[in-house]
Amino acid sequence: MKTGFYWDERCFWHSGGNYALTLPVGDLVQPLAAGGLPESPETKRRLKNLMDVTGLMGDLHVSSAPQATREELERIHPAAFLDTFKETSDAGGGELGLRTPFGKGGYEIAALSAGLAAASLRAILKGEVKNAYALSRPPGHHCLPDWPNGFCLLANIPVALEAARAEGLLGRAVVVDWDVHHGNGTEAIYYDRDDTLTISIHQEHNYPLDSGEVEDRGKGAGEGCNINIPLPPGVGHHGYLEVMEKIVVPAIDRFKPDVIIIACGFDAGPFDPLAHMMCTAETYAEMTRLMMAAADRHCGGKLLAVHEGGYSEAYVPFCGHAVIETLSGSAHVAPDPMAKTVATRQPNERVRAFHSTLINEMAAAHLG
């Protein structure tokens, strides 16, 4: 079986509104020449283009998918929210939450983005592909059931998970969110449930400013099923792999899921305008290898990566290519053109020792 790659050109047509970086244009904020939010189609389109040029696309099972249905969306989102979203979209677009503008047809594009995640998960669970990557846009991990925020209009991964559960395809799941921002939406949806272990590795107090603390570990039946790993700015390759090896992989081994889903943001890279981390394309490849090994141990290799953030148009394509070439085992590679520069910029041994101390403290808090 091949690795699935689920994408659709229409997702690149989602419009980002009249912003300059994350600031609404007006008063003293001048419009940008390119316009809009950092969450633009270009990082995703350039990843797809790079895969075409290297030949990686030829090694994949490539597909689009239907939009997520209203029934699938209502398992996560209230009907009143979906009605307002659809009406606003039909009327020409607008903004319902925080930094979530959309144009006419935005509802359908967001439902398509969620549909790509749902279809890719369904294909994995039915054994139609060995693993998969969903190039979903707009992203989803910040979206609360009734309040979109942080560029996210619908909760793509929870919509996919609950669709699979409704079809009797899935029991226990792990969501590993390595987007540099806290996965507050996914956390909120599963905070009191024990069938989904949510793990978020993020830059501390980046976005949202008031969530993602180590102490937030779930409640009721979900106590201990939410793991936050807030890291200081500047953590790089070694620190992220240490987090994976000391916290993420042991937590997965303890939980024993039926599937692993990666909320796959690339904004922990060194050139991202919205964060200050130092991950490399090789970091993402190594983290993918660790997730593949965990999936092999527990769930027959069932592993899905769903695209989230990442805003460096030049560097994100190489990080994404590294993940997908690793998932597929393809010989079509895209060598990181910044590898030497980024290696030189990695934290020195004293800083890495400080990071290790923090990581060890969080490992003790989460794993005992």
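Refer to the structure above for everything that follows.
An account of the accompanying structure is given in this report.

### Some points on the overall build of the chain
Piece 1. A tally of helices and strands in the chain yields 11 helices and 12 strands.
Piece 2. Over its C-alpha atoms the chain spans a radius of gyration of 19 Å, differing by no more than 12% from the 21 Å that the globule rule assigns to 368 residues.
Piece 3. Out of the 368 residues in the chain, the part that is buried amounts to 60%.
Piece 4. Across the chain, the fraction of contacts at a sequence separation of at least 24, relative to all contacts at a separation of at least 6, is 76%.
Piece 5. Computing the positive centroid from 30 side-chain charges and the negative centroid from 46, the chain places the two 5 Å apart.

### A look at the pairing of strand 9 (residues 196-203)
Piece 1. Burial analysis of strand 9 places 8 of its 8 residues in the buried class, which makes it a mostly covered element.
Piece 2. Every second residue of strand 9 is oriented toward a common face, with Thr 196, Thr 198, Ser 200 and His 202 on one face and Leu 197, Ile 199, Ile 201 and Gln 203 on the other, all of them buried.
Piece 3. Bridge count for strand 8 (residues 173-177) against strand 9 is 5 bridges, and the pairing is parallel. Bridge pairing links Val 174 to Leu 197 in strand 9.
Piece 4. Each parallel crossover has a hand, and for strand 8 linked through helix 6 (residues 184-190) to strand 9 it is right-handed.
Piece 5. Where strand 9 lies against strand 10 (residues 226-231), 6 bridges are found, and the strand directions are parallel. Of the residues in strand 10, the one forming a bridge with Ile 199 is Ile 227.

### Quick word on empty space enclosed by the protein
Space left empty within the atom packing is revealed by a probe, the size of a water molecule, rolled over the atoms.
Piece 1. In total, this model carries 2 cavities of 30 Å³ or more according to the counting rule given.
Piece 2. Roughly 70 Å³ of volume is contained in the largest cavity.
Piece 3. Contributing to the lining of the largest cavity are Val 175, Asp 177, His 182, Gly 183, Thr 186, Glu 187, Thr 198, Ile 199, Ser 200, Asn 226, Ile 227 and Asn 228.
Piece 4. Breaking the lining of the largest cavity down by element, the ones donating at least two residues are strand 8, helix 6, strand 9 and strand 10.
Piece 5. For the lining of the largest cavity, a count of residues per class yields 3 nonpolar, 7 polar and 2 charged.
Piece 6. Split by residue class, the lining of the second largest cavity holds 3 nonpolar, 3 polar and 2 charged.

### Things to note about helix 9 (residues 316-328)
Piece 1. Its 13 residues place the ends of helix 9 18 Å apart at the C-alpha level, agreeing with the 18 Å of an ideal helix rising 1.5 Å per residue.
Piece 2. In terms of burial, helix 9 is a largely internal element, 13 of the 13 residues being buried.
Piece 3. Following helix 9 by one or two positions, Gly 329 has its phi on the positive side, about 70°.

### Some points on the sheet that holds strand 9
Piece 1. One open sheet holds the 8 strands; their spatial order is 4-1-7-12-11-8-9-10, and the pairing between them is parallel. Single-partner strands in this sheet number two, and they are strand 4 (61-63) and strand 10. Neighbouring strand axes in the sheet, compared pairwise and without regard to direction, differ in orientation by 15° on average.
Piece 2. Both strand 1 (residues 3-6) and strand 7 (residues 131-134) contribute to a ladder of 4 bridges, which runs parallel. By the bridge assignment for strand 7, Tyr 6 is matched with Ala 134.
Piece 3. Along the sheet face, helix 8 (residues 281-299) touches strand 7, strand 8, strand 11 (259-264) and strand 12 (303-307) and points at about 160° away from the line of strand 11.

### Structural notes on the environment of Lys 219
Piece 1. Relative to the helices and strands, Lys 219 resides in the loop between strand 9 and strand 10.
Piece 2. A relative accessible area of 51% places Lys 219 in the exposed class.
Piece 3. Excluding its chain neighbours within four sequence positions, the residues that come into contact with Lys 219 are Tyr 191 and Asp 192.

### Some remarks on the layout of surface pockets
Piece 1. There is about 350 Å³ of room inside the largest pocket.
Piece 2. Counted by class, the lining of the largest pocket contains 11 nonpolar, 9 polar and 3 charged residues.

### So, the packing of helix 3 (residues 79-90) against helix 4 (residues 106-125)
Piece 1. Axis separation between helix 3 and helix 4 bottoms out at 7 Å; the angle between their running directions is 125°. Taken together, helix 3 and helix 4 sit at an angle that is classed as oblique. Contacts from Leu 82, Phe 85, Lys 86, Ser 89 and Asp 90 in helix 3 reach Gly 106, Tyr 107, Glu 108 and Ala 110 in helix 4.
Piece 2. Considered class by class, the residues forming the contact of helix 3 with helix 4 number 4 nonpolar, 2 polar and 3 charged.

### Observations regarding the state of the cysteines
Piece 1. All told, the structure shown has 0 disulfides when counted by the stated rule.
Piece 2. Looking at the unpaired Cys 264, the closest cysteine sulfur is the one in Cys 319, lying at 9.2 Å.

### A look at the packing of helix 1 (residues 42-54) against helix 9
Piece 1. Where helix 1 meets helix 9, the closest approach of the two axes is 8 Å, and the angle between their N-to-C directions is 55°. With respect to their mutual orientation, helix 1 and helix 9 come out oblique. The two elements helix 1 and helix 9 meet at a crossing, and its hand is right-handed. Touching Thr 43, Arg 46, Leu 47, Leu 50, Met 51 and Thr 54 of helix 1 are Val 316, Pro 317, Phe 318, Gly 320, His 321 and Ile 324, all from helix 9.

### Points about the environment of Cys 264
Piece 1. Of note, Cys 264 is situated in strand 11.
Piece 2. Of the residues examined, Cys 264 reaches a relative accessible area of 0% and is grouped as buried.
Piece 3. Here Cys 264 is in contact with Tyr 133, Trp 178, Ala 305, Val 306, His 307, Glu 308, Gly 309 and Val 323, once residues within four sequence places are set aside.

Calculation notes
- Residues numbered from 1 in each chain as written.
- Predicted model: local features only at pLDDT ≥ 70, side-chain atom pairs only at ≥ 80, totals over all residues.
- Heavy atoms only, no water.
- Helix = DSSP H or I, 4+ residues; strand = E, 2+ residues; numbered from the N terminus.
- Rg over C-alpha atoms; globule rule 2.2 N^0.38 Å.
- Buried < 20%, exposed > 50% of the residue type's maximum accessible area, 1.4 Å probe, protein only.
- Contact = heavy atoms within 4.5 Å.
- Lys, Arg positive; Asp, Glu negative; His and termini not counted.
- Charge placed at Lys NZ, Arg CZ, Asp CG, Glu CD.
- Pairing = 2+ DSSP bridges.
- Right-handed = clockwise from strand over helix to strand, strands pointing away.
- 1 Å grid on protein atoms, 1.4 Å probe; cavity = no way out; pocket = protein on both sides within 12 Å on 5 of 7 lines; lining within 4 Å.
- Points joined across faces, edges and corners; volume = space filled by probe spheres on them.
- Nonpolar A, V, L, I, M, F, W, Y, C, P; charged D, E, K, R; others polar.
- Expected span 1.5 Å × (residues − 1).
- Axes fitted to C-alpha atoms, helices over the stretch in contact; angles between N-to-C directions.
- Parallel < 35°, antiparallel > 145°, perpendicular 65-115°, else oblique.
- Disulfide = S-S within 2.5 Å.
- Left-handed = near helix turned anticlockwise from the far one by under 90°.

Function cannot be inferred from these measures alone, as they are strictly geometric.
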